[in-house]
Amino acid sequence: MSQPPIRIAISGALGRMGRQMADAVRADARLALAARFHRPGSVGDGLVSRDEALAVADVVIDFTTPAASADLASFCAERGGPALVIGSTGFDAAELATIAAAAKTVAIVRSGSFSLGLNMLVGLVGRAARALGPQDWDAEIFEAHHRHKVDAPSGTALMLGQAVAGGRGVELDAVARRVRDGVTGTRPAGEIGFAVARGGSIIGEHSVSFCAEGETVTVSHAGGDRIMFARGAIAAALWVAGRAPGEYDMRDVLGMSARA
């Protein structure tokens, strides 16, 4: 006997990713588009209120803003569900704490990127960082996005930075260099550098270079269509539906974590 489709609500339904997600959910027989909602006061185009959407959904997929995502997580926790897939980036410490608190009551998958290929890259970078030590190999992360992106470095670049730092057994904040300008002095061993570009309609380009005397190793990923994010978010929604409370990421969804 076949399982009933998982009921999906789309938050931020009028945004670019919201529209892309709705199309992707409609095209997947394992899912049912139960509701779409946007910011308070938004009407028409088949939209419903947040309360109405959450009442009929098994999972909410949210690509909005950090503040809106944290508020949504808190609201879901207060009512005991549904589960959440959060694709917003640029959270501050208070917003992350709010999401962590909500995850004690509901299951949440939060990731700096829902690209399946990019998340595989994160895993490869962690392994490379363990093998290529900081005394001989300098780590540099480059990312480029469209002109409308408001946070920098991107959430994905920070994921890659965390992968390098984790592979080397250090805290990213202790070794990250996010900006270089003027006379900065020689590069200290173990520093993880970030470089950022913004322009045009670039969907997302990320690369990590490990540079030693006489050689450089670079691994990279380039996004050509936002469907890659929708594909990953659908995988996360299928995985998190009915899951025990907790804050998960795409490593869990891909089976790359011990708790997956």
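Up top is the structure these notes are about.
Keep in mind that what you see is a predicted model, and the values were worked out from it rather than measured.

1. Brief notes about the overall build of the chain
Part 1 of the reasoning: For the chain, the helix and strand inventory stands at nine helices and eleven strands.
Part 2 of the reasoning: Taken over C-alpha atoms, the radius of gyration comes to 19 Å for the chain, in line with the 18 Å a tight globule of 260 residues would show.
Part 3 of the reasoning: Structurally, the chain occupies a C-alpha span of about 60 × 40 × 35 Å along its principal axes.
Part 4 of the reasoning: Across the chain, the fraction of contacts at a sequence separation of at least 24, relative to all contacts at a separation of at least 6, is 70%.
Part 5 of the reasoning: Approximately 12,600 Å² of the chain is accessible, and the part contributed by carbon and sulfur atoms is 51%.

2. Remarks on the packing of helix α5 (residues 116-131) against helix α6 (residues 155-168)
Part 1 of the reasoning: Following both chains from N to C, one finds α5 and α6 inclined at 30°, their axes separated by 7 Å at the closest point. Classed by the angle they form, the pair α5 and α6 counts as roughly parallel. Of the two elements, α5 crosses α6, and the hand of that crossing is right-handed. Taking contact as the criterion, the partners of Leu118, Asn119, Leu121, Val122, Val125, Gly126, Ala129 and Arg130 in α5 are, on α6, Thr156, Met159, Leu160, Ala163, Val164, Gly167 and Arg168.
Part 2 of the reasoning: Tallied by class, residues from the contact of α5 with α6 come to nine nonpolar, four polar and two charged.

3. Details of the sheet that holds strand β2 (residues 31-37)
Part 1 of the reasoning: With parallel pairing, six strands are arranged side by side in an open sheet as β2-β1-β3-β4-β5-β11. Unpaired on one side and paired on the other, β2 and β11 (246-248) mark the two borders of the sheet. Between one strand and the next, the sheet's axes are offset by a mean angle of 20°, whatever the strand orientation.
Part 2 of the reasoning: Across six bridges, strand β1 (residues 6-11) lies against β2 in parallel orientation. Bridge pairing in β2 places Ala9 opposite Ala35.
Part 3 of the reasoning: Lying on the sheet, helix α4 (residues 93-102) is in contact with β4 (83-86), β5 (107-110) and β11; it crosses β5 at an angle near 145°.

4. Structural notes on α6
Part 1 of the reasoning: With 14 residues, α6 should cover 20 Å at 1.5 Å per step; its first-to-last C-alpha distance of 20 Å lies within 8% of that length.
Part 2 of the reasoning: For α6, the tally of buried residues reaches eleven of 14 residues, placing the bulk of the element in the interior.
Part 3 of the reasoning: In the core, the buried residues of α6 are packed alongside α5, β6 (138-145), α7 (172-175), β8 (192-198) and β9 (204-212).

5. Some words on the pairing of β4
Part 1 of the reasoning: Here β4 shows two buried faces, one formed by Ala83 and Val85 and the other by Leu84 and Ile86.
Part 2 of the reasoning: For the crossover that starts at strand β3 (residues 59-62), traverses helix α3 (residues 66-79) and ends in the parallel β4, the hand is right-handed.
Part 3 of the reasoning: In terms of strand pairing, β4 meets β5 through three bridges, oriented parallel. In the sheet register, Leu84 faces β5, and the bridge partner there is Ile108.
Part 4 of the reasoning: Regarding the hand of the β-α-β motif, the stretch spanning β4, α4 and β5 is right-handed.

6. Things to note about α5
Residue pairs spaced three or four apart in an α-helix point in one direction, given the helix's 3.6 residues per turn.
Part 1 of the reasoning: Here α5 contains 16 residues, and its C-alpha end-to-end distance of 23 Å stays within 8% of the 22 Å for a straight helix at 1.5 Å per residue.
Part 2 of the reasoning: Of all the residues in α5, the buried ones are Leu118, Asn119, Leu121, Val122, Val125, Gly126 and Ala129. All buried residues of α5 fall inside an arc of 145° around its axis, so they share one side. In α5, those exposed residues whose orientation departs by more than 90 degrees from the buried face are Arg127, Arg130 and Ala131.
Part 3 of the reasoning: The residue sitting at the N-terminus of α5 and contributing the capping side-chain oxygen is Ser115; that oxygen lies 3.4 Å from the backbone nitrogen of Gly117.

7. Comments concerning the side chain of Glu95
Part 1 of the reasoning: With respect to the helices and strands, Glu95 occurs in helix α4.
Part 2 of the reasoning: Within the buried core, Glu95 has no salt-bridge partner, and the shortest N-O distance to an opposite charge, that of Arg110, equals 9.2 Å.
Part 3 of the reasoning: In this view, Glu95 contacts Pro66, Ala67, Ala70 and Gly90; residues no more than four positions away in its chain are not counted.

What counts and what doesn't
All residue numbers refer to position in the chain's written sequence, counted from 1. In view of the model being predicted, local features appear only for residues whose pLDDT reaches at least 70, and side-chain atom pairs are presented and counted only at 80 or more, with totals across whole chains, interfaces and linings using the full set of residues. Side-chain descriptors were evaluated using all non-hydrogen atoms of the structure, hydrogens and water having been removed beforehand. Strands here mean DSSP runs of E at least two residues long; helices mean DSSP runs of H or I at least four residues long; both are numbered from the N terminus. Each radius of gyration reported is based on C-alpha atoms, and the globular scaling rule is 2.2 Å times the count of residues to the power 0.38. Contacts are assigned to residue pairs with any non-hydrogen atoms lying within 4.5 Å of each other. Residue exposure ignores everything except the shown protein chains as possible cover, and the areas themselves are Shrake-Rupley values with a 1.4 Å probe. Orientation is described by axes fitted as lines to C-alpha atoms, over the contacting stretch for helices, and by angles from 0 to 180 degrees between their N-to-C directions. In these notes the angle categories are as follows: under 35 degrees is roughly parallel, over 145 is roughly antiparallel, 65 to 115 is roughly perpendicular, and the rest is oblique. Crossing handedness: left-handed means the near helix sits turned counterclockwise from the far one by under a right angle, and right-handed means the same turn made clockwise. Only Asp, Glu, Lys and Arg are considered charged, only Ala, Val, Leu, Ile, Met, Phe, Trp, Tyr, Cys and Pro nonpolar, and every remaining residue, Gly among them, polar. For two strands to be treated as a pair, DSSP must find at least two bridges joining them. Expected helix span is given by 1.5 Å per residue-to-residue step, counting one fewer step than there are residues. Think of it in three bands: residues with accessible area under 20% of the maximum for their type are buried, residues over 50% are exposed, and the middle band is partly exposed, with areas taken using a 1.4 Å probe on protein chains only. The definition of a right-handed crossover adopted here requires that, viewed with the strands pointing away, the path from the first strand over the helix to the second runs clockwise. Regarding the arc, it is the one traced by the directions from the helix axis to the C-beta atoms. In the analysis that follows, any N or O atom pair within 3.5 Å is treated as a polar contact, provided that within protein one partner can donate a hydrogen and the other can accept it, and provided that, for residues neighboring in sequence, both atoms belong to side chains. Positive charges come from Lys and Arg, negative ones from Asp and Glu, while His and the chain ends are left out of the count. Basic side-chain nitrogens of Lys or Arg form a salt bridge, by our definition, when they fall within 4 Å of a carboxyl oxygen of Asp or Glu.

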